[in-house]
Amino acid sequence: MNSQTGKVMVVGGGIAGLTAAWELARQNIGVELVEKSCFLGGHSIGYTCKATDMCQKCGACSVEKMLKDVVGEPLINVHLRTEVDALDRSKGYRVTLKKSAQDQAAGKVLKGFSRHNSPLYVVGENVTEAVPEGAMKIQEMGSECALDVDAVILATGFTPFDASIKGTYGYGKWENVITGLEFEHIERENAGIVRPSDGLPPKRVAFIQCVGSRDERLGHLWCSEVCCAYGLRMAGTIRHQDPEAEVSVFYIDVQNVGKEFPVFYERIKENVRFVRTIPVDIYPVENDCLKLRHMAEDQGTPTFEEFDLVVLSIGIMPGADSKLISETFGVPMTVDGFLDDSVGDGIFVAGTAAGPGTIAASMAKAGKAAFDAAKYVGGAK
């Protein structure tokens, strides 16, 4: 341990990385927070509040609050558009940083999901549209340096399943087949759910669960642990916004993801139809609607139904950088491709980098990783 620096590097600025950084700062430990994108918050900062006539405990507000706390904390030094290039263990933990590639920003003005994002706007190269006040040029972002720290927390997150792999669902071909993440973004942008094709509220909506997870043919045998809860919360949101809307959930089984989930599930069943089967395929029909074919559970015969919008509850996959992070930091990977969180020796793993989990579970794991790291550097109280 390098006792002169008294710092911990947190790699990843999603909810787990934010939580770990905040908990370390509360222990008066300096933090170097490294995020490869241009904004803090990860996937979860794009989630919307699912409250209806009561709080649905989706955790979205927790992410907003944590982001606000972190950007205002002087002990946390944030490196946006930055990633780890190398680790030298011969001198403690000397981490070399480099600017991350952001080719997708070319010609665009990017906007963070939260008003607490700083900057809120980032301008890519060769932009011709109007530039918002306070926007930062992407060329001015990113750190290229070597930092000495006492410990490292890896909170590099997950990759959403690529729904186009399930070709029979027509994702990427039919405009009104969307993922759960896209549902969140549409909801946030429009203050309500609308169809991408015409901007109108859908009257008939289908949710398909377990897209990409618990799939033997893909070799993805794990449960993503979040799909049941967020799919059902979104279904409840639609019914709350439009009590006349018809919402159906196609599922294998419903996972119990918390002590309050059974009560929530029973309440949702009063307004949402549950169909225990996984649809076979989806076809476009008139008026941008979709025909969904599934096998009726009780009869085993093909059944066809039409919907205005289909939402795919995509699963949690290992982070895109997991293999590289594993090699750089000497952290083994699990059989499913996530990072093994039992490594120790000054390197700790937090959140969904170690496997699927909810926002609450990711925050809890990050809190433990921060405690272990603080204890390692001698700062835990």
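If you're wondering where the values come from, they're calculated on a predicted model, not measured in any experiment.

### Focus on the packing of aromatic side chains
For any pair of aromatic rings, geometry is given as the distance between the ring centres together with the angle between the planes.
Link 1 in the chain: Scanning the model with the defined rule gives 6 aromatic pairs in all.
Link 2 in the chain: Aromatic pair Phe183 and Phe207: ring centres 6.1 Å apart, planes at 50°, arrangement tilted. Remark: Phe207 occurs in strand β13 (residues 204-211) and Phe183 occurs in helix α3 (residues 180-190); sequence separation between them is 24 residues.
Link 3 in the chain: Ring centres of Phe250 and Phe307 lie 6.1 Å apart, and the angle between their planes is 90°; this geometry places the pair in the edge-to-face category. Within this pair, whereas Phe250 is found in strand β14 (residues 246-250), its partner Phe307 is found in strand β18 (residues 302-307), the two being separated by 57 residues in sequence.
Link 4 in the chain: Among the residues examined, Phe250 registers a relative accessible area of 0% and is labelled buried.
Link 5 in the chain: The ring centre of Phe264 lies 5.8 Å from the NZ or CZ of Arg233, which sits over that ring.
Link 6 in the chain: Its guanidinium or amino end placed over the ring of Tyr265, Lys269 lies 4.7 Å from that ring's centre, counting from NZ or CZ.

### Structural notes on the side chain of His116
Link 1 in the chain: Tracing the sequence through the fold places His116 in the loop between β6 (109-111) and β7 (121-123).
Link 2 in the chain: By relative accessible area, His116 is classed as buried at 14%.
Link 3 in the chain: Setting aside anything within four residues of it in sequence, one finds His116 in contact with Glu64, Leu67, Lys68 and Val71.

### So, the pattern of salt bridges
Link 1 in the chain: Across all of its chains, the model carries 18 salt bridges by this definition.
Link 2 in the chain: Taking the shortest distance from any N to any O, the salt bridge between Asp321 and Lys36 comes out at 2.6 Å. On the criterion of sequence distance, the pair formed by Asp321 in the loop between β20 (316-318) and α6 (322-329) and Lys36 in the loop between β2 (30-34) and α2 (60-71) is long-range, its members being 285 residues apart.
Link 3 in the chain: With a relative accessible area of 26%, Asp321 lands in the partly exposed category.
Link 4 in the chain: For Lys36, a relative accessible area of 39% translates into the label partly exposed.
Link 5 in the chain: One salt bridge connects Asp253 with Arg214, and the closest N-O pair in it is separated by 2.7 Å. Highlighted residues: Asp253 in the loop between β14 and α5 (261-268) and Arg214 in the loop between β13 and α4 (227-241), separated in sequence by 39 residues.
Link 6 in the chain: Residue Asp253 is classed as partly exposed on the basis of its relative accessible area, which comes to 22%.
Link 7 in the chain: Judged by its relative accessible area of 27%, Arg214 is partly exposed.

### Things to note about the domain arrangement of the protein
Link 1 in the chain: Taken domain by domain, the protein comprises domain 1 (7-158 + 318-377) and domain 2 (161-315).
Link 2 in the chain: When each unit is reduced to the centre of its C-alpha atoms, the spacing between domain 1 and domain 2 is 29 Å.
Link 3 in the chain: Contacts between domain 1 and domain 2 engage 20 residues on the former and 18 residues on the latter.
Link 4 in the chain: The contact between domain 1 and domain 2 buries some 1800 Å² in all, and 59% of this surface belongs to carbon and sulfur atoms.
Link 5 in the chain: Scanning the region where domain 1 abuts domain 2 turns up 1 salt bridge.
Link 6 in the chain: A salt bridge links Arg188 to Glu64; the shortest N-O distance between them is 3.8 Å.
Link 7 in the chain: Across the contact surface, domain 1 and domain 2 share 3 residue pairs in polar contact (both at pLDDT 80 or more).
Link 8 in the chain: Here the residues of the side of domain 1 that touches domain 2 sort into 8 nonpolar, 7 polar and 5 charged.

Reading guide: rules and limits
- Residues numbered from 1 in each chain as written.
- Predicted model: local features only at pLDDT ≥ 70, side-chain atom pairs only at ≥ 80, totals over all residues.
- Heavy atoms only, no water.
- Phe/Tyr/Trp six-rings, centres within 6.5 Å; stacked < 30°, edge-to-face > 60°.
- Helix = DSSP H or I, 4+ residues; strand = E, 2+ residues; numbered from the N terminus.
- Buried < 20%, exposed > 50% of the residue type's maximum accessible area, 1.4 Å probe, protein only.
- Lys NZ or Arg CZ within 6 Å of the ring centre and 35° of its normal.
- Contact = heavy atoms within 4.5 Å.
- Salt bridge = Lys/Arg side-chain N within 4 Å of Asp/Glu carboxyl O.
- Domains from an automatic or database assignment.
- Buried area = accessible area lost by both parts, 1.4 Å probe.
- Polar contact = N/O pair within 3.5 Å; in protein donor to acceptor, adjacent residues only side chain to side chain.
- Nonpolar A, V, L, I, M, F, W, Y, C, P; charged D, E, K, R; others polar.

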